[in-house]
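# Residue-level structure breakdown
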Amino acid sequence: MQVKMLVTRKPMKINNLLPAFITRHVLFALIIGGVAGIGFILFLIEFDHFTSSEAFCTTCHSMELSAEPYRNSVHYKPASGVRASCGDCHVSEGVFAATWDHFIGGKDLIRQLFGENYDDPVVNALHHPESAFAAREWFKKNDSATCKRCHVKEAIFGKRPDTQQIHLEDAKDKSCIECHYNLVHRKVPHKKTFKREAWNRMIEEEFGLEKGTAKKILDDEE
Amino acid sequence: MKPSRQISLSTLTIIVGLLSMLLINTTAMAAKVTLNPESWGSEEGKACIDCHSKASAGLTHQWKNSAHAQANVNCLDCHQAYEDDVDAIEHEGSVIATIVSPKDCGRCHETELKQQQGSVHTQALSIIKNRMPALSEHFGSPTINDAGCAKCHGSKVLVRGDGTLDPATWPNSGIGRINPDGSVGSCSSCHGRHQFSKAQAREPSACIYCHSGPDSPDKEIYTTSKHGMMFDAHKSEMNMGSDQWIAGKDYSAAPTCVTCHMGAAGKMKSNHDVGMRDSWNLNAAVSEQQYLVIFEDGSKRELSTSDPLPRKGESINKLDGGMGKVKAVASPKRRRQAMTSVCLECHSKGFANNAMQQFDNVVELFNKKYGEPAQAIMQELYSEKVLTPLPFDEPVEITYWKLWHNSGTLARHGAAMTSPSMTWKGMNDVGSNFYGKFLGQVRDATGKERGDALIKKYVNDSEHHDWLNHPDKANPILGFGKGKDEETSVSESEDAGENAGDEKANED
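### Concerning the overall build of chain B
A tally of helices and strands in chain B yields 20 helices and eight strands. Restricting to contacts in chain B with at least 6 residues of sequence separation, those with at least 24 account for 55%.

Dropping the structure here:
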């Protein structure tokens with residue numbers, strides 16, 4: 001009798017523990033939803049990870065143009081072999097922040113698809129300063145958070161004895177990006193001293209274009 | 001009693017001290033910096049020092065030992081720039097420029113800037129802009145121009161679109177440098193940064209940095225002159241670091257380059273227009289005496305005595321291509337007087353004038369004997385199309401260039417600065433070049449007949465080369481008449497003597 005009762009009371013017990021509105025269907029939905037949720041988070045982690053890679057970023061030809069100087073930089077081939085890939089610097093830490101950054105970064109994709117022909121090295125180079133300014137803003141806003149993933153101010157010894165001292169004393173209250181804003185990609189002056197005409201002229205000379213071509217390209221875009 | 005007496009003594013010392021400071025100030029120091037000291041010592045600039053004493057300890061140390069540091073002039077006072085300056089860069093929150101141009105220095109050193117602008121030094125690049133590439137690029141490549149020529153003559157500094165300075169044109173502290181801000185020259189050519197020591201700039205080595213070597217052999221000349229000899233021996237008595245540095249007053253052991261070419265001497269004031277006291281253009285195929293034309297806007301140019309003499313108020317071409325109204329003209333004679341007045345601090349008038357006469361004679365000799373005929377022959381070769389217009393593609397062009405530009409300069413500068421050995425070496429090289437190489441190469445280029453005719457016209461028919469017309473005139477310097485020939489020639493001459501004697505006897 002007792003055994004029988006136990007068998008018959010078992011489902012009763014669960015019903016007793018859970019609120020009445022959790023029916024069997026709801027329970028299934030919850031389990032499936034939960035697993036799907038975990039799956040989605042795992043997917044995001046993987047997705048963020050994949051979309052932060054150099055291989056993914058450079059599937060757009062325009063990004064290949066930014067990657068070129070990076071591949072000659074110390075961040076690409078450091079003596080230690082610790083390589084920072086695109087997302088290590090340009091995508092925040094944490095799945096939600098990373099997803100958000102990718103979401104915002106989606107505008108680059110939209111511009112790539114529907115905007116100017118950024119695959120053209122001249123157009124790309126002419127627009128490069130704006131990207132640099134935006135990236136610097138982003139680093140500044142984050143207090144150079146992505147730099148600090150790897151770099152610890154107190155641990156910057158440098159090659160000269162004073163490098164550590166400078167970082168600990170003179171740069172104590174500074175964020176990495178305030179000084180190191182021409183580190184990896186093509187050098188662009190600070191926004192304060194940037195001169196559009198001089199930049200255009202440099203690109204024209206670099207690509208053997210006639211004087212005034214750059215301005216014409218930019219004017220035509222508007 | 002005792003303390004009060006001490007006080008009165010110290011008060012007296014202070015008064016005397018103040019008076020003497022005032023006296024010194026009114027003589028040579030006062031004109032140096034005319035800006036209010038409140039305009040320097042930028043607060044923002046003080047922060048530079050802390051980091052730079054670590055990041056670039058050497059230059060910060062130099063600055064710390066400078067008069068600038070003593071006067072609280074800091075990094076930013078000189079390096080500050082406006083955002084829209086061509087070469088402005090952002091650096092640690094400040095807007096600065098790497099290059100401190102004469103215009104920047106002139107914010108305080110107004111007098112020096114005025115004197116320097118338009119001086120022959122500022123034209124070091126512009127007056128040879130055609131010559132320089134021909135030499136450096138034909139004999140080397142633009143690379144040698146950047147690392148050699150332009151280091152003294154100056155580069156035209158280019159700022160690239162990314163804010164960096166074109167590495168072909170910077171670093172450069174050439175004295176005729178064309179700066180991004182449009183000003184010309186570089187104070188740090190002579191005043192090594194960042195200490196800007198007076199003593200260092202007064203050293204001959206400050207000038208020798210450029211004035212040495214084959215085409216500007218002033219080091220070689222000065223060090224083998226009596227002046228250089230005296231400087232070497234008495235360097236410690238030169239009072240080189242003195243604020244006031246008047247020859248004959250603050251020092252008398254020896255003149256350096258600065259003393260004669262720009263220094264204060266007696267009533268003659270110091271002047272950053274270095275060529276002002278020069279009356280000849282010695283670095284030319286043929287030297288001419290030079291007027292110094294000063295324009296209303298402060299710029300200057302030289303004109304040869306063969307050019308029409310400009311009058312005051314007249315508008316003539318300036319070196320930059322524009323027109324300028326003539327404010328004053330200094331004649332070569334006046335310029336010579338200025339130079340000679342320095343000599344008079346140590347020499348008598350007669351002594352100085354005679355030395356100048358000896359110098360002028362050498363220049364005239366070079367002109368007449370070598371400069372003019374060689375130039376005339378070259379012009380004929382070009383007009384007859386024996387030579388291509390391209391410089392240095394024919395051997396005779398290189399020979400001719402070295403004749404006046406290297407050896408000729410050594411001889412003429414040697415005479416100007418009284419180095420007997422270099423004057424002779426120069427003229428000896430000119431002669432060896434002319435007779436031993438140049439004339440032969442002219443014949444090679446034209447063919448013997450035409451060559452002989454040209455040489456007869458410009459060389460043999462000139463009194464300076466008359467010795468060429470007497471090929472039989474014997475001299476044993478090269479061994480003519482030695483050995484077997486010597487015996488015969490001796491016996492011949494003995495015979496001749498005997499015969500002559502016989503004749504005489506016969507006559508008797």
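### Considering the overall build of chain A
A tally of helices and strands in chain A yields 11 helices and zero strands. Taken over C-alpha atoms, the radius of gyration comes to 27 Å for chain A, far larger than the 17 Å a tight globule of 222 residues would show. Expressed along its principal axes, the backbone C-alpha trace of chain A runs to roughly 100 × 50 × 30 Å. Out of the 222 residues in chain A, the part that is buried amounts to 18%. Looking at chain A alone, contacts between residues at least 24 apart form 69% of all its contacts between residues at least 6 apart.

### Section: the sheet that holds strand 6 (residues 300–304) of chain B
Residues and elements named next belong to chain B. Ordered by their spatial adjacency, four strands build an open sheet running 6-5-8-7, and the pairing between neighbours is antiparallel. Every interior strand has two partners, whereas the edge strands, strand 6 and strand 7 (315–317), have only one. If you compare each strand with its neighbour and ignore which way they point, the axes differ by 55° on average. With five bridges connecting them, strand 5 (residues 290–295) and strand 6 associate as antiparallel partners. In the strand pairing of strand 6, Val 293 is matched with Arg 301.

### Regarding the nonpolar core
All names here are of chain B. Ranked by internal contacts, the top residues of the largest apolar core, which has 38 residues, are Ala 374, Leu 403, Val 430, Phe 434, Phe 438 and Val 442. For this core, the secondary-structure elements that each account for two or more residues are helix 11 (204–208), helix 12 (218–223), helix 14 (257–261), helix 16 (349–383), helix 17 (395–416), helix 18 (420–446) and helix 19 (448–460). Apart from the residues lying within four places of it in its own chain, the contact partners of Phe 434 are Tyr 370, Ala 374, Leu 403 and Leu 439.

### Focus on the environment of Ile 166 of chain A
Tracing the backbone through its elements, the reader meets Ile 166 of chain A in helix 8 (residues 162–170). Along the chain, Ile 166 of chain A and Ile 156 of chain A lie 10 residues apart, while their C-alpha atoms are 9.6 Å from each other. Setting aside residues up to four positions removed in sequence, Ile 166 of chain A forms contacts with Ala 171 of chain A together with Cys 51, Lys 54 and Ala 55 of chain B.

### Observations regarding the interface of chain B and chain A
Many authors give the size of an interface as the accessible area that is lost as the parts come together. Contact with chain B, which involves 16 residues of that partner, is made by 16 residues of chain A. The set of elements that each furnish at least two residues to the side of chain B that touches chain A consists of helix 2 (43–55) and strand 1 (89–91) of chain B. Looking at the side of chain B that touches chain A, the element that brings in the most residues is helix 2 of chain B, giving four residues.

### With respect to the pairing of strand 5 of chain B
Residues and elements named next belong to chain B. Among the six residues in strand 5, five count as buried, and that is most of the element. Between strand 5 and strand 6, which pair antiparallel one after the other, the connecting turn spans four residues, and Gly 298 there sits at a positive phi close to 95°. The pairing of strand 5 with strand 8 (residues 323–330) spans four bridges and is classified as antiparallel. Bridging across to strand 8, Leu 292 finds its partner in Ala 330.

### Focus on the packing of helix 8 (residues 131–139) of chain B against helix 9 (residues 142–153) of chain B
All names here are of chain B. Packing of helix 8 against helix 9 leaves a shortest axis separation of 8 Å and a crossing angle of 135°. Viewed along their axes, helix 8 and helix 9 adopt a mutual orientation that is oblique. Note on packing geometry: the crossing formed by helix 8 with helix 9 is right-handed. Between helix 8 and helix 9, the residues in contact are Met 132, Pro 133, Ser 136 and Glu 137 and Pro 142, Ile 144, Asn 145, Gly 148, Cys 149 and His 153, respectively.

### Here's the deal with the confidence of the model for chain B
Residues and elements named next belong to chain B. With 88% of its residues at a pLDDT of 70 or more, chain B has an overall mean of 88. In this model residues 1–7 is a low-confidence stretch, pLDDT under 50, and it forms zero contacts with partners more than four residues away in sequence or in other chains. Residue range residues 489–508 is modelled with pLDDT below 50. Its contacts to residues more than four positions away, or to other chains, number one contact.

### Comments concerning the environment of Phe 438 of chain B
All names here are of chain B. Following the sequence through the fold, Phe 438 ends up in helix 18. Overall, the presence of 25 C-beta atoms within 10 Å leaves Phe 438 in the buried class. Residues Phe 438 and Thr 399, spaced 39 residues apart in sequence, show a C-alpha to C-alpha distance of 6.0 Å. Once you skip the residues sitting within four places of it in the chain, Phe 438 turns out to touch Ala 374, Val 396, Thr 399, Tyr 400, Leu 403 and Asn 433.

### Considering the environment of Gln 244 of chain B
With respect to the helices, strands and loops of the structure, Gln 244 of chain B is situated in the loop between helix 13 (226–234) and strand 3 (246–247). Gln 244 of chain B sits 20 residues away from Ala 264 of chain B along the chain, and the two C-alpha atoms are 8.9 Å apart.

### Here's the deal with helix 7 (residues 121–141) of chain A
For an α-helix the count is 3.6 residues per turn, leaving residues at separations of three or four pointing the same way. Residues and elements named next belong to chain A. Between its terminal C-alpha atoms helix 7 stretches 29 Å, which fits the 30 Å expected from 21 residues at 1.5 Å a residue. Looking at helix 7, one finds that the buried residues are Val 123, Asn 124, Ala 125, Leu 126, His 128, Ala 132 and Phe 139. Where helix 7 is buried, its residues meet helix 4 (61–71), helix 9 (176–179), helix 10 (196–206) and helix 11 (213–221). Count one or two residues on from helix 7 and you reach Asp 143, which has phi positive near 55°.

### Thoughts on unusual backbone geometry
With the exception of glycine, the majority of residues adopt a negative phi angle, and the majority of peptide bonds are in the trans configuration. Residue and element names in this part refer to chain B. The amide bond that connects Trp 170 to the next residue, Pro 171, takes the cis arrangement and shows omega of 10°. Even without being glycine, Lys 385 reaches a positive phi, approximately 60°. Following the sequence through the fold, Lys 385 ends up in the loop between helix 16 and helix 17. Lys 385 sits in the exposed class, given 8 other C-beta atoms within 10 Å. The phi dihedral of Thr 418 is positive, around 50°, even though this residue is not glycine. Structurally, the position occupied by Thr 418 is in the loop between helix 17 and helix 18.

### Looking at the confidence of the model for chain A
Mean pLDDT over chain A stands at 90; residues scoring 70 or higher make up 93%. Averaged over each element, pLDDT in chain A is lowest for helix 1 (residues 2–17) of chain A (56) and highest for helix 10 of chain A (97).

Definitions and cut-offs
Residues numbered from 1 in each chain as written. Chains lettered and ligands numbered in written order. Predicted model: local features only at pLDDT ≥ 70, side-chain atom pairs only at ≥ 80, totals over all residues. Helix = DSSP H or I, 4+ residues; strand = E, 2+ residues; numbered from the N terminus. Contact = placed C-beta atoms within 7 Å. Rg over C-alpha atoms; globule rule 2.2 N^0.38 Å. Buried ≥ 20, exposed ≤ 12 C-beta atoms within 10 Å, placed from the backbone. Pairing = 2+ DSSP bridges. Axes fitted to C-alpha atoms, helices over the stretch in contact; angles between N-to-C directions. Core = buried A, V, L, I, M, F, W, Y, C linked by C-beta atoms within 7 Å. Parallel < 35°, antiparallel > 145°, perpendicular 65-115°, else oblique. Left-handed = near helix turned anticlockwise from the far one by under 90°. pLDDT = per-residue confidence, 0-100. Expected span 1.5 Å × (residues − 1).

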